[in-house]
Amino acid sequence: MFKKILIANRGEIALRVICACRELGIKTVAVWSEADEHSLHVRFADEDVCIGPPRSAESYLHVPAIISAAEITGADAIHPGYGFLSESAYLAEVCEACHIKFIGPSPSVIRLMGEKSRARRAMKKAGVSTLPGSDGPVETEEDAQLIAADLGFPVIIKASNGGGGRGMRIVRSGNELSQALRTAQREAQAAFGIGDVYLEKYLEAPRHIEVQILGDEHGHVVHLGERECSVQRRHQKLIEEAPSAVITEKQRKALGKMVVDAATAVGYSSAGTFEFLMDAQNNLYFIEANTRLQVEHGVTELVTGIDIVKEQIRIAAGEPLSFTQEDVRIDGHAIECRVNAENPDTFAPSPGRVDAFSLPGGPGIRVDTFVHAEAVVPPNYDSLIAKVMSHGRTRAEAIARMRRALEMTVIEGIETSVPMHLKILADEDFQQARISTAFMERFLAAPK
Ligand code: ADP
């Protein structure tokens, strides 16, 4: 087992990894930018290293600074968390060259899944149903018109190397296509450094369903069931749950097996998530795979009792999976609300000093956060400050627990999305699980 793990991240996920390391008896190294000097992840790690100024490009995204910090402290592994360098095949390769274990899949698998149009092709070959679309990047307007005519409008143009819900364009007719293609290519180049885009059939109001897997380095892959993340704003998830209210046991088995077979075929190890969209007829289509821990992994942990981060670490240390597919049981229902430091109506960021902070507790509640009274939420990073999770025997109980937990959450000094979450939880459609990725648009447009 590793002796010391460097956590190349900040915020709640850095603390989450520290929790796993402490339980496994592994020492931790925190890295921090000058904006995070007083952050809790720095306080709770055994050692810490300043890696640069607040700007991410000069700190949390700066590979030489991270590798130097690992070398100086003698860390034998790096956990990248999510975001930042978590899907960097380059960091994984540099780690290999420096004999530091990167806690994630192999560089080649990260690279394959990171190029979404290539990943689509690989998944199709492995027997996974994908959305109809182009089989690689689309360069010219002529090609785009031919493919779109074949797919039928609407179509969506997506950045091949995109992520975080950015760089997507919905196109509803042939006249819009040429301009949309050029803008998408330009945006992809600016945001991701690679201008490649591809086309996919656009589904109106699908559900977002994703499958969590764990694979070891000995060829075993298991799935931990699905999560539903349909409540999104601008393609960003706001509320996630496990299991999905609309997936039957039979469908879960079939979907799980399809994903496990495909992940096995590409030699997948570590934690991973295969994302699908579900149409009105309950057909599921693969859209992308994420080769890292996800923000919403906790809801799966609540319903399966499996600590995904500890498993990730054990797998990276070369241990075989400690359980089989038959051991995985889905127990009850779990929901997560992402609490962001933002205005609940305008969504404008609200960084700053937190004056008062009190966490909810009680039966069935888990909170992952780095915030405390007098903490400062810096303006430099994403606005997620806490993940409030609830677990109940049924979806209704999980919702009831979440509502009272959020009602008992005290965060003063900055604005948060808690009031918005409370309104969603009180919504009849949400309560009846009548949700899709179009839910928030309807919800926000409804008269208040
Ligand atoms: P990213 O990697 O940027 O998060 P994804 O491919 O995972 O991009 O898509 C994010 C979200 O965008 C999905 O959850 C869904 O809401 C929407 N989306 C993506 N592709 C389609 C599509 N073909 N049809 C309808 N919605 C889509």
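Residues numbered from 1 in each chain as written. Predicted model: local features only at pLDDT ≥ 70, side-chain atom pairs only at ≥ 80, totals over all residues.

Convention followed: UniProt positions are given in the numbering used here, feature names are shortened, and annotations may be inferred rather than shown by experiment.
Per an unreviewed UniProt entry, the protein goes by Biotin carboxylase and derives from Luteitalea pratensis. Under the UniProt heading Pathway (unreviewed entry), the note attached to the protein is "Lipid metabolism; malonyl-CoA biosynthesis; malonyl-CoA from acetyl-CoA: step 1/1." Here the protein is described in UniProt, under the heading Function (unreviewed entry), as follows: "This protein is a component of the acetyl coenzyme A carboxylase complex; first, biotin carboxylase catalyzes the carboxylation of the carrier protein and then the transcarboxylase transfers the carboxyl group to form malonyl-CoA."

**Details of the packing of helix α4 (residues 89–97) against helix α5 (residues 107–114)**
Pairs of packed helices are described in terms of their axes, by the angle between the two and the distance that separates them. Which entries qualify depends on this criterion: A fitted line through C-alpha atoms serves as each axis, taken over the contacting stretch for helices, and the angle formed by two N-to-C directions is quoted from 0 to 180°. Each helix is a run of H or I in the DSSP string that is no shorter than four residues. Each strand is a run of E no shorter than two, and both are numbered from the N terminus. For classification, angles of less than 35 degrees are called roughly parallel, those exceeding 145 degrees roughly antiparallel, those between 65 and 115 degrees roughly perpendicular, and all remaining angles oblique. Contacts here follow a simple rule: the backbone-placed C-beta atoms of the two residues must lie within 7 Å. In this count, Pro and Cys sit with the nonpolar residues alongside Ala, Val, Leu, Ile, Met, Phe, Trp and Tyr, while Asp, Glu, Lys and Arg are called charged and the others, Gly among them, polar.
Close contact between α4 and α5 brings their axes to 8 Å; oriented N to C, the two are set at 175°. Judged by the inter-axis angle, α4 sits roughly antiparallel to α5. Between α4 and α5, the contacting residues are A89, A92, E93 and E96 on the first element and P107, I110, R111 and G114 on the second. Residue composition of the contact of α4 with α5, by class: 4 nonpolar, 1 polar and 3 charged.

**Regarding the UniProt feature "domain: Biotin carboxylation" (unreviewed entry) in the protein**
With numbering aligned to this structure, UniProt lists the feature "domain: Biotin carboxylation" (unreviewed entry) at residues 1–445. In residues 1–445, the share of helix is 34% and the share of strand is 25%. The end C-alpha atoms are 52 Å apart.

**Concerning the packing of helix α12 (residues 395–407) against helix α13 (residues 418–425)**
Going by this rule: Two helices that cross are described as forming a left-handed crossing if the nearer one is turned anticlockwise from the farther one by less than a right angle, and a right-handed crossing if clockwise.
Where α12 contacts α13, the two axes come as close as 10 Å, and the packing angle between them is 150°. By the angle class used here, α12 and α13 are roughly antiparallel. Handedness of the α12/α13 crossing: left-handed. Across from I399, M402, R403 and L406 in α12, the residues of α13 making contact are V418, H421, L422 and L425. Across the contact of α12 with α13, the residue classes tally to 6 nonpolar, 1 polar and 1 charged.

**Topic: α12**
For clarity, the threshold we go by: Between the first and last residue of a helix there are one fewer steps than residues, each counted as 1.5 Å, and that sum is the expected span. Three exposure classes are used, based on other C-beta atoms lying within 10 Å of a residue's own C-beta, which is placed from the backbone: buried for 20 or more, exposed for 12 or fewer, and partly exposed in between. Picture the helix axis, draw a direction to every C-beta atom, and the arc is the one those directions span.
Taking 1.5 Å of rise per residue, 13 residues should cover 18 Å, and α12 covers 18 Å from first to last C-alpha, within 8% of that figure. Listed in full, the buried residues belonging to α12 are A398, R401, M402, A405 and L406. Down the axis of α12, the sector holding all buried residues measures 125°, keeping them to one side. Away from its buried face, by an angle of more than 90 degrees, α12 presents the exposed residues A396 and E407. Where the residues of α12 are buried, they touch β14 (333–340), β17 (365–369), β19 (384–392) and α13.

**So, the sheet that holds strand β12 (residues 270–278)**
The strands making up a sheet associate through hydrogen bonds between their backbones, and the pairing can be parallel or antiparallel. Filter applied, for reference: In short, DSSP must find at least two bridges between two strands for them to pair.
Taking strand neighbours across the sheet as the criterion, the 8 strands line up as β13-β12-β9-β10-β11-β14-β19-β17 in an open arrangement whose pairing is antiparallel. Strands with a single pairing partner mark the edges of an open sheet, and in this sheet they are β13 (284–290) and β17. Between one strand and the next, the sheet's axes are offset by a mean angle of 25°, whatever the strand orientation. Two strands pair when backbone bridges link them, and strand β9 (residues 207–215) and β12 are joined in this way by 9 bridges, in the antiparallel orientation. Paired with Q212 across the two strands is T273, which belongs to β12. Of the strands in this sheet, β9 and β12 are in contact with helix α11 (residues 308–316), which crosses β12 at around 125°.

**Brief notes about unusual backbone geometry**
Excluding glycine, a negative phi dihedral is what most residues carry, and trans is how most peptide bonds are arranged. Cis geometry is found at the peptide bond from F153 to P154, where omega equals -5°. Along the chain, P154 turns up in the loop between α7 (141–151) and β6 (155–159). Cis geometry marks the peptide bond from A242 to P243, where omega comes out at -10°. The topology assignment puts P243 in the loop between β11 (236–242) and α9 (249–265). Residue A205 is not a glycine yet carries a positive backbone phi of 50°.

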